Amino acid sequence: QVQLVESGGGLVQAGGSLRLSCAASGRTFSRLNIGWFRQAPGKERDFVGGISWSISSPYYSNSAKGRFTISRDNAKNTVYLQMNSLKPEDTEVYYCAANGGGGVYYRDVDYPYWGQGTQVTVSS
């Protein structure tokens, strides 16, 4: 079993930055793949980016490339989502998710473990 806790959400003006954290426990963190997703009310959950334990480079959705950066600190059992140049359309609930596979995973159904989510609101 894996427990995930997101933090770092909040209200920011357009063009600003936020850093979300995803703290994991319950399993060897260095062997977890972590994905970030986001969801607006009434809409499907969308993939933002992920970082695999077996592949050194993070991977991103097209909307996140160039603005968002994912990193991990295995010593702190934490993955970060640095979001820059935020836009009002980035206003959603952001979730981190985990699985123990050894590849890249873009679909929410591939992640059995989820955090509770953190709200990001970008004002115009």
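Everything below is about the structure printed above this text.
What you are looking at is a predicted structure, and each value in this text was computed from that prediction instead of being measured.

## Comments concerning unusual backbone geometry
Although it is not a glycine, Asn77 sits at a positive phi angle of roughly 55 degrees. One can find Asn77 in the loop between β7 (68-73) and β8 (78-83). Despite not being glycine, Ser85 shows a phi value in the positive range, around 50 degrees. Looking at the secondary structure, you find Ser85 in the loop between β8 and β9 (92-99).

## Description of the side chain of Thr78
The residue Thr78 is located in strand β8 in this model. For Thr78, a relative accessible area of 9% puts it in the buried group. Separated by 2.8 Å, the side chain of Thr78 and the backbone oxygen of Lys76 make a polar contact. Contact partners of Thr78, with chain neighbours within four places excluded, come to Ser21, Cys22, Ala23, Phe29, Ser71, Arg72 and Asp73.

## Side note on the pattern of salt bridges
For the structure shown, the criterion picks out five salt bridges. Among the salt bridges present, the one from Asp108 reaches Arg45, with a minimum N-O distance of 3.9 Å. Remark: Arg45 occurs in the loop between β4 (33-39) and β5 (46-51) and Asp108 occurs in the loop between β9 and β10 (113-114); sequence separation between them is 63 residues. Residue classification places Asp108 among the partly exposed residues on the basis of a relative accessible area of 26%.

Conventions adopted
Residues numbered from 1 in each chain as written. Predicted model: local features only at pLDDT ≥ 70, side-chain atom pairs only at ≥ 80, totals over all residues. Heavy atoms only, no water. Helix = DSSP H or I, 4+ residues; strand = E, 2+ residues; numbered from the N terminus. Buried < 20%, exposed > 50% of the residue type's maximum accessible area, 1.4 Å probe, protein only. Polar contact = N/O pair within 3.5 Å; in protein donor to acceptor, adjacent residues only side chain to side chain. Contact = heavy atoms within 4.5 Å. Salt bridge = Lys/Arg side-chain N within 4 Å of Asp/Glu carboxyl O.

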